[in-house]
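Chain by chain, the residues run as shown.
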There are 2 protein chains.
Amino acid sequence: MTDKIFPTAQDAEAAFYEALERGDYQTMAAVWAEDEDVLCVHPGGPRLRGTDEVLAQWKRIFEGGQRLQVRITQQVVIAGMMVAVHSVQENFSVPGETRSMPAVVATNVYLRTAAGWRMVVHHGSPAPGPAETPRDTPKILH
Amino acid sequence: MTDKIFPTAQDAEAAFYEALERGDYQTMAAVWAEDEDVLCVHPGGPRLRGTDEVLAQWKRIFEGGQRLQVRITQQVVIAGMMVAVHSVQENFSVPGETRSMPAVVATNVYLRTAAGWRMVVHHGSPAPGPAETPRDTPKILH
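Treat the numbers as computed from the prediction; the structure is a model and nothing was measured.

Can you lay out the packing of aromatic side chains for me, pointing to particular residues and giving the numbers?
Each aromatic ring pair is specified by the distance between its two centres and by the angle formed by the two planes. Counting across every chain of the model gives 6 aromatic pairs over all chains. On the basis of an interplanar angle of 85° and a centroid distance of 5.6 Å, the ring pair of Phe16(A) and Trp58(A) is categorised as edge-to-face. In this pair, Phe16(A) sits in helix H1 (residues 9-22) while Trp58(A) sits in helix H3 (residues 51-64), placing the two residues 42 residues apart along the sequence. In this structure Trp58(A) comes out as buried when scored by relative accessible area, which is 3%. When the ring of Phe16(B) is compared with that of Tyr17(B), the centres are 4.7 Å apart and the planes differ by 80°; the resulting orientation is edge-to-face. Judged by its relative accessible area of 0%, Phe16(B) falls in the buried class. Of the residues examined, Tyr17(B) reaches a relative accessible area of 6% and is grouped as buried. Taken together through their ring pairs, the aromatic side chains of Phe16(A), Tyr17(A), Trp58(A) and Phe62(A) make up a single cluster. When the ring centre of Tyr25(A) is taken as reference, the NZ or CZ atom of Lys59(A) above it lies at 4.5 Å.

Before we move on, can you summarise the interface of chain B and chain A with the specific residues and values?
Between chain B and chain A, the contact holds 27 residues from the first and 26 residues from the second. Between chain B and chain A, a total of about 2,100 Å² is buried, with carbon and sulfur atoms accounting for 69% of that surface. When the buried area of chain B at its contact with chain A is split by residue, Arg47(B), Ile78(B) and His123(B) rank highest and sum to 26% of it. In this assembly, chain B and chain A are joined by 0 salt bridges. Where chain B touches chain A, the interface holds 8 residue pairs in polar contact (both at pLDDT 80 or more). When contributions to the side of chain B that touches chain A are tallied by element, the ones reaching two or more residues are strand E1 (39-41), strand E2 (47-49), strand E3 (69-79), strand E4 (83-93), strand E5 (102-113) and strand E6 (116-130) of chain B. The class makeup of the residues in the side of chain B that touches chain A is 17 nonpolar, 7 polar and 3 charged.

Quick rundown of H1(A)? Include the residues and the values.
All names here are of chain A. When the terminal C-alpha atoms of H1 are compared, their 20 Å separation across 14 residues agrees well with the 20 Å that a helix rising 1.5 Å per residue should span. Among all positions of H1, only Ala9, Ala12, Glu13, Ala15, Phe16, Tyr17, Ala19 and Leu20 are buried. Structurally, H1 contributes buried residues whose contacts are with helix H2 (25-31), H3, strand E3 (69-79), strand E4 (83-93), strand E5 (102-113) and strand E6 (116-130). For H1, the side-chain oxygen to backbone nitrogen distance between the N-cap and Gln10 is 3.3 Å, and the N-cap itself is Thr8. Just downstream of H1, Gly23 is the residue with a positive phi angle, here 65°.

Account for the relation of the copies chain B and chain A, with residues named and values stated.
Aligned on chain A, chain B shows an RMSD of 0.0 Å; the corresponding rotation is 180° and the shift along the axis is 0.0 Å. Taken together, these values place the two copies in the relation of a two-fold axis. Across chain B, the rotation axis passes nearest the C-alpha of Ser125(B), at a separation of 3.0 Å. An overlap of 96% is found between the interface residues of chain B and their copies at the interface of chain A, pointing to a shared contact surface.

For the environment of Leu111(B), give the residues involved together with the corresponding values.
Assignment of secondary structure puts Leu111(B) in strand E5. Overall, the relative accessible area of 24% leaves Leu111(B) in the partly exposed class. A C-alpha to C-alpha distance of 9.9 Å links Leu111(B) and Ala12(B), two positions 99 residues apart in sequence. Excluding its chain neighbours within four sequence positions, the residues that come into contact with Leu111(B) are Ile78(A), Met82(B), Val83(B), Gly116(B), Trp117(B), Arg118(B) and Val120(B).

Describe the environment of Ala84(B), listing the residues and the values that go with them.
All names here are of chain B. Here Ala84 is to be found in strand E4. Judged by its relative accessible area of 3%, Ala84 is buried. C-alpha separation for the pair Ala84 and His123, spaced 39 residues apart in sequence, amounts to 14 Å. Not counting residues up to four positions away in its chain, the partners in contact with Ala84 are Ala9, Ile78, Ala79, Asn108, Val109, Tyr110 and Trp117.

Rules of the game
Residues numbered from 1 in each chain as written. Chains lettered and ligands numbered in written order. Predicted model: local features only at pLDDT ≥ 70, side-chain atom pairs only at ≥ 80, totals over all residues. Heavy atoms only, no water. Phe/Tyr/Trp six-rings, centres within 6.5 Å; stacked < 30°, edge-to-face > 60°. Helix = DSSP H or I, 4+ residues; strand = E, 2+ residues; numbered from the N terminus. Buried < 20%, exposed > 50% of the residue type's maximum accessible area, 1.4 Å probe, protein only. Lys NZ or Arg CZ within 6 Å of the ring centre and 35° of its normal. Contact = heavy atoms within 4.5 Å. Buried area = accessible area lost by both parts, 1.4 Å probe. Salt bridge = Lys/Arg side-chain N within 4 Å of Asp/Glu carboxyl O. Polar contact = N/O pair within 3.5 Å; in protein donor to acceptor, adjacent residues only side chain to side chain. Nonpolar A, V, L, I, M, F, W, Y, C, P; charged D, E, K, R; others polar. Expected span 1.5 Å × (residues − 1). Least-squares fit on C-alpha atoms with pLDDT ≥ 70 in both.

Written out as structure tokens, the structure is:
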């Protein structure tokens, strides 16, 4: 589907969130393993199974046109030789707006395949409380 | 904490849901790995981190006294040598009642440790639609 190779799970995760933020379907397709047992749960949504079903939903989301910025915090990594599990908080915001949106907690699982590290599970669900906002940029005093 | 050994991830999962159903704190404590990076997300709740925090919450839940039956369906397993990821639908019901409760989708991660397979991640979140109810028991016609 694409020749992008992610040498580490962290590279695959960075590409996943860049693709999500930019609405970049090609990169999103490169991130996911091709397998009938990959799984994706969007917050409050049904569990999607298999690369075709998972990518079709990402395509619909990206075609919806709403662009969101996402900042990842609170990452916890459980890493093995072949499998890595990343737990993160996703903090979404609308570009140019300061209101905070609900936070999302996500469990991401990556597998080391012949074609580098690929995502096999993304499980996102609503977390209590608002998204974390970036610390105020320090004011420069003249 | 306990000398229970789970030879497979499936054994650990079975023990997890039995403990949950029975409100059996000792078995629940045996299921979880002892590590500051184990993670537990109850549906709609905050992410709990570390064995102490995770087990303290299970203790509170069990002390609450509400007992629920749980039936696991739609299991998908992604298994490696050292790590296993199980995705399931949890179908809860109140013993003796027929009303269905909201379904929960869960991602469970198990690690092969020196003391057998242990749970390191449980991420549960509300799934759309009601829990699956067991098929009607066939009526015996006389």
